[in-house]
Amino acid sequence: MTRICIKVGSNVLTRADGSLDATRQSALVDQIADLYKQGYEVLLVSSGAVACGRSVLHHRNDLRTKDTVDERQLFSAVGQAKLIDRYYELFREHGITVGQVLTMKENFVSEEHRRTQQNCMEVMLQNGVIPIINENDTVCVTELMFTDNDELSGLVAQMMQCQRLIILSNIDGIYTGDPSDPASELIRYVHPGDNLQQYIQTKKSSLGRGGMQSKCHIAQMVAQSDIEVVIANGKHENILLKILKDPLDVPCTRFVCG
């Protein structure tokens, strides 16, 4: 049985105004449900909680916080409930049960904590439950936070001994220049030892904490553990199914195992 970890970024799950893109989320769930029914074991690392909370509370003019940490905790607490409820209902329509796993970076440092969460996810998979994993932003402090959910997905993929990690972003992968420049070309394959520094755009999205630099670093690290990593555009129709069924026809960047 093939075990895969799928990471969905905030920019995939949200519209331009920062609100939850329910249609996109539903389409991704349909694809994951299809893979599940084909026999894949899926772990889903999903961003979007903070963006969801912000969209719920954006109309409030009486928010009693102007502190960015307080705001993140508030938006995460509200948004995580909305996000997981939506996932629960969407997967339920396919007859699939999901469970929520909220974690922190320190849980990957302590061997006891690492084994505990590893066992939790193993038990869920053994019982046909899809783990939906996110950082517990409500209680994390800055110095103990993951760089972003790309880092979290990489640690999960390694811990759970996945065969493949798929990172869904809002662009097709790594380009030789600015993705908006017609002269830039998509880099299809990255092999062990390849230096991508000259190609990586350092700017980050307005919704997520990460960027392509983070994705490349994590991807190369995970690929060294014999886990293939794919960076692709989560807004493309049936992107997950195409990556696994028609890999040569899909615009994406693949990190070859080393």
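Residues numbered from 1 in each chain as written. Predicted model: local features only at pLDDT ≥ 70, side-chain atom pairs only at ≥ 80, totals over all residues. Heavy atoms only, no water.

Enquirer: I keep staring at a nonpolar patch on the surface and nothing clicks. Help me out?
Expert: Judged by side-chain polarity, Y189, L248 and V256 come together as a nonpolar surface patch covering roughly 300 Å² of accessible area. Of note, V256 is situated in the segment after β8 (252-255). (Patch = residues over 30% accessible without salt bridge, like charges linked within 9 Å, V, L, I, M, F, W, Y side chains within 5 Å. Areas by Shrake-Rupley, 256 points an atom, 1.4 Å probe, with all protein chains shown as cover. Salt bridge = Lys/Arg side-chain N within 4 Å of Asp/Glu carboxyl O. Helix = DSSP H or I, 4+ residues; strand = E, 2+ residues; numbered from the N terminus.)

Enquirer: Explain helix α2 (residues 22-37) here, please?
Expert: One turn of an α-helix holds 3.6 residues; hence residues three or four places apart share an orientation. The terminal C-alpha atoms of α2, which comprises 16 residues, lie 22 Å apart, in line with the 22 Å expected from a rise of 1.5 Å per residue. For α2, the complete set of buried residues consists of Q25, L28, V29, Q31, I32, A33 and L35. Directly beyond the C-terminal end of α2, a positive phi value near 110° is found at G39. (Expected span 1.5 Å × (residues − 1). Buried < 20%, exposed > 50% of the residue type's maximum accessible area, 1.4 Å probe, protein only.)

Enquirer: Is there a simple way to think about the environment of P131 in this case?
Expert: With respect to the helices, strands and loops of the structure, P131 is situated in strand β4 (residues 129-135). Its relative accessible area of 0% is what places P131 among the buried residues. Separated by 33 residues in sequence, P131 and V98 have C-alpha atoms that sit 5.9 Å apart.

Enquirer: What's the story with the nonpolar core in this structure? I'm lost.
Expert: Nonpolar side chains in soluble globular proteins generally cluster together in the buried interior. Among the nonpolar cores identified, the biggest contains 36 residues, and I6, F91, L168 and L240 are the most heavily contacted of them. Beyond its immediate sequence surroundings of up to four residues, F91 is in contact with V29, I32, A33, I96, V98, I130 and I132. (Core = buried A, V, L, I, M, F, W, Y, C linked by side-chain atoms within 4.5 Å. Contact = heavy atoms within 4.5 Å.)

Enquirer: Sorry, what's going on with unusual backbone geometry here?
Expert: Glycine aside, residues mostly have negative phi angles, and peptide bonds mostly take the trans form. In this structure, D226 is a non-glycine residue whose phi angle is positive, near 65°. Looking at where D226 falls in the secondary structure, it is placed in the loop between α7 (212-223) and β7 (228-233). Phi is positive for N238, which is not a glycine, with a value near 55°. Tracing the backbone shows N238 in the loop between β7 and α8 (239-245). Residue classification places N238 among the partly exposed residues on the basis of a relative accessible area of 31%.

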